[in-house]
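# Coordinate inspection notes
Here's the letter readout for the chains.
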Amino acid sequence: MDWEEFRRWSEKAANWGADYRQNLRDRPVRAQTAPGEIAARIADAPPETGERMEDIFADFEDILVPGMTHWQHPRFFAYFPANAAPVSVIAEYLVSAIAAQCILWQTSPSATELETKVLDWLRQALAVPDNFSGVIQDSASTATLAAVLVMRERALGWQGNAKGLAAHPAVRIYATGEVHTSIDRAIWISGVGADNLVRVPTTGRNRGMDATALEAAIELDRNAGLLPAGVIACVGGTSTGACDDIAAVTEVARRHGLYVHVDAAWAGSAMICPEFRTLWAGIDGVDSLVFNPHKWLGAQFDCSVQFVRDPAALVRTLAIHPEYLRTHGHDGIINYSEWSVPLGRRFRALKLWFLLRYHGLEGLRMMIRNHVRWSEKLADQFAAEPDFEIVTPPFLSLFSFRHRAPQGVDSDEHTQRLINAINNDGRIYLTQTRVNGALAIRFQVGQFETTEADVGHAFHVIVNIARGRNP
Ligand SMILES: *Cc1c(COP(=O)(O)O)cnc(C)c1O
């Protein structure tokens with residue numbers, strides 16, 4: 001591709017992106033296609049000769065766009081948001097054009113030094129103490145994997161990487177049943193094994209870890225000759241926003257010499273607002289925490305931030321030093337690829353820098369406060385309707401509810417049918433979860449462009465569909 005053509009199509013792509021974002025409300029939120037429909041329209045073999053950009057672009061619009069679920073849609077109320085603020089998209093255009101591999105300091109000093117700076121901005125924004133250092137990971141899943149590997153190595157006297165796990169008593173890690181499935185996978189991949197992930201019972205309204213039960217479990221394991229290594233706590237569980245009492249859990253863990261990692265992948269963004277920080281009181285005592293600016297805050301995926309108290313433990317666990325990756329003659333530099341499982345790393349700090357500078361912390365706080373307020377108001381509206389019930393009250397901007405099933409209809413069946421009808425309608429998108437074994441409708445307000453009117457619209461769509469009325 002020559003540079004004139006590159007320029008023309010880059011402009012076209014940027015303009016397409018602006019039109020797309022501006023007119024998202026006109027599109028159904030969830031893709032309305034059947035399985036296989038898109039694949040049937042894509043060639044079965046690669047072309048032998050190059051094709052014209054006009055044709056490639058036209059097919060992108062005609063074939064692929066209709067099969068997209070629009071995560072940036074202002075009426076996206078499903079899962080958690082994956083916000084890509086417009087300013088972060090602009091940063092990603094630049095990153096994509098430069099396309100550097102930011103594995104070592106010398107492979108792009110700006111990327112490394114900006115990462116250190118913006119993560120310290122974020123540390124201050126979240127009021128995490130200044131003895132924590134940050135690193136951008138590709139996802140919370142790999143941040144948690146890195147933390148579990150540190151727990152394992154620490155418990156094994158830094159011998160696990162060399163000797164494997166067979167030579168040692170079983171490493172034990174503790175979490176509740178409310179944690180994200182990424183914790184299970186980190187346990188599998190690290191070789192700790194699912195049988196050694198001890199599920200500690202929960203207690204209280206926030207379904208947080210029972211600290212007394214945690215202590216009993218640790219003692220039981222130690223007396224049995226096993227190796228208690230770490231605790232994975234959560235602030236804002238994925239299903240209904242379960243929240244561990246970080247101070248209580250950390251107090252027990254510290255007394256027993258265990259490493260504490262906190263998964264606040266979604267809720268962590270809210271901690272830029274001082275009034276929400278009571279939800280993770282005690283965070284200054286943990287060893288590691290992860291939160292995803294690529295969820296609520298608006299930094300386009302991928303951008304997951306891990307803060308660690310002792311980066312040396314992370315580097316000792318993950319760094320490997322082949323000759324071709326050595327940087328000679330530079331002391332005191334950071335090679336962030338030594339802090340993470342993958343070697344390759346994109347220049348992810350740029351979008352954070354753009355985002356934080358363009359919106360300022362006050363702008364981002366306002367967005368988060370609005371989302372929380374609107375979701376509380378919506379929950380109140382459902383609570384006031386005789387045929388709706390709140391199943392779990394709002395934790396930040398996440399709650400769950402149910403519509404009462406007609407006589408003789410199974411509640412789960414009714415709930416699933418209602419969710420399908422809402423998502424087939426297309427004006428809004430939401431998902432389900434299970435609370436105490438029963439299906440509930442899960443609702444979160446968090447999309448970057450959502451307005452109060454969008455949330456009000458969601459209420460009318462849900463109520464009308466549930467009551468069998470047409471729009
Ligand atoms: C989304 C989420 C994750 C997984 O995040 P990835 O960045 O996609 O790996 C982990 N934990 C919680 C609580 C989450 O909400």
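These lines cover the structure that appears in this document, whether it is placed above or below. For clarity, every value in this text was computed on a predicted model and none was experimentally measured.

### Let's talk about the overall build of the chain
From N to C terminus, the chain includes 14 helices and 13 strands. Its C-alpha atoms give the chain a radius of gyration of 24 Å, near enough to 23 Å, the size a compact globule of 471 residues would have. Every one of the 471 residues in the chain was classed for burial, and the buried ones make up 50%. Summed over all atoms, the accessible surface of the chain reaches about 21,500 Å², with 53% contributed by carbon and sulfur. Considering the chain, the positive charge centre built from 45 side chains and the negative charge centre built from 54 side chains are found 3 Å apart.

### Looking at the site of the ligand
Close contacts around the ligand come from 13 residues, with A140, S141, D263, N292 and K295 the closest. At a separation of 3.5 Å, an oxygen atom of the ligand approaches a polar side-chain atom of T238. The separation between an oxygen atom of the ligand and a polar side-chain atom of H294 is 3.3 Å. Coverage of the ligand by the protein chains reaches 88% of its 380 Å² of free accessible surface.

### Considerations on the side chain of R402
Secondary-structure assignment places R402 in strand β11 (residues 398-403). Residue classification places R402 among the buried residues on the basis of a relative accessible area of 12%. At 2.7 Å, the side chain of R402 and the backbone oxygen of L439 are in polar contact. Contact partners of R402, with chain neighbours within four places excluded, come to D387, F388, E389, V391, S411, T415, V435, A438, L439 and A440.

### Some words on the packing of helix α8 (residues 211-223) against helix α9 (residues 246-255)
One way to put it is that α8 packs onto α9 with a least axis distance of 9 Å and a crossing angle of 20 degrees. Taken as axis vectors, α8 and α9 run roughly parallel relative to one another. Here α8 runs over α9; the crossing is right-handed. Touching A211, L214, E215 and I218 of α8 are A248, V249, V252 and R255, all from α9. Here the contact of α8 with α9 is built from residues that sort into six nonpolar, no polar and two charged.

### Focus on unusual backbone geometry
For the bond from F301 to D302, the omega torsion is 5 degrees, close enough to zero to count as cis. As for its placement among the helices and strands, D302 is situated in the loop between α10 (293-297) and β9 (304-308). One non-glycine residue, L396, lies in the positive phi region at around 55 degrees. Within the secondary structure, L396 sits in the loop between β10 (388-395) and β11. Notably, N436 is not glycine yet its phi reads approximately 50 degrees, a positive angle. Looking at the secondary structure, you find N436 in the loop between β12 (431-435) and β13 (438-444). N436 sits in the exposed class, given a relative accessible area of 81%.

### Notes on the pattern of salt bridges
Per the counting criterion, the structure on display carries 26 salt bridges. Residues joined by salt bridges that share partners form a network here, namely E92, D302, R346, R348 and K351.

### Concerning the pairing of strand β2 (residues 171-175)
A large share of β2 lies buried, amounting to five of its five residues. A two-sided burial pattern is seen for β2, the buried positions comprising V171, I173 and A175 on one face and R172 and Y174 on the other. The pairing of β2 with strand β6 (residues 227-234) spans four bridges and is classified as parallel. When the bridges of β6 are listed, V171 appears paired with L227.

### Regarding helix α3 (residues 86-98)
Given a rise of 1.5 Å per residue, 13 residues ought to cover 18 Å, and the 19 Å separating the end C-alpha atoms of α3 matches this to within 8%. When we look at burial in α3, the residues that qualify are V87, S88, V89, A91, E92 and V95. Tucked into the core, α3 has its buried residues touching α1 (3-22) and α12 (349-383).

### Focus: the packing of aromatic side chains
Applying the stated rule across the entire model yields 21 aromatic pairs. Geometrically, the ring pair formed by F57 and F60 is edge-to-face, given 5.6 Å between the ring centres and 65 degrees between the ring planes. Of this pair, F57 and F60 both sit in helix α2 (residues 53-64), three residues apart, which is roughly one turn of that helix. Relative accessible area serves as the criterion here: at 30%, F60 is assigned to the partly exposed category. Geometrically, the ring pair formed by Y336 and W339 is edge-to-face, given 5.2 Å between the ring centres and 65 degrees between the ring planes. Owing to a relative accessible area of 2%, Y336 belongs among the buried residues under this scheme. In this structure W339 comes out as buried when scored by relative accessible area, which is 7%. The structure contains a cluster of three or more aromatic residues connected by ring pairs, namely F77, F382, F388, F399, F401, F443 and F459. We note R357 situated over the ring of W353; from NZ or CZ to the ring centre the distance is 4.6 Å. Here the guanidinium or amino end of R442 rests over the ring plane of F80, the centre of that ring lying 4.7 Å away.

What counts and what doesn't
- Residues numbered from 1 in each chain as written.
- Predicted model: local features only at pLDDT ≥ 70, side-chain atom pairs only at ≥ 80, totals over all residues.
- Heavy atoms only, no water.
- Helix = DSSP H or I, 4+ residues; strand = E, 2+ residues; numbered from the N terminus.
- Rg over C-alpha atoms; globule rule 2.2 N^0.38 Å.
- Buried < 20%, exposed > 50% of the residue type's maximum accessible area, 1.4 Å probe, protein only.
- Areas by Shrake-Rupley, 256 points an atom, 1.4 Å probe, with all protein chains shown as cover.
- Lys, Arg positive; Asp, Glu negative; His and termini not counted.
- Charge placed at Lys NZ, Arg CZ, Asp CG, Glu CD.
- Near = heavy atom within 4 Å.
- Polar contact = N/O pair within 3.5 Å; in protein donor to acceptor, adjacent residues only side chain to side chain.
- Contact = heavy atoms within 4.5 Å.
- Axes fitted to C-alpha atoms, helices over the stretch in contact; angles between N-to-C directions.
- Parallel < 35°, antiparallel > 145°, perpendicular 65-115°, else oblique.
- Left-handed = near helix turned anticlockwise from the far one by under 90°.
- Nonpolar A, V, L, I, M, F, W, Y, C, P; charged D, E, K, R; others polar.
- Salt bridge = Lys/Arg side-chain N within 4 Å of Asp/Glu carboxyl O.
- Pairing = 2+ DSSP bridges.
- Expected span 1.5 Å × (residues − 1).
- Phe/Tyr/Trp six-rings, centres within 6.5 Å; stacked < 30°, edge-to-face > 60°.
- Lys NZ or Arg CZ within 6 Å of the ring centre and 35° of its normal.

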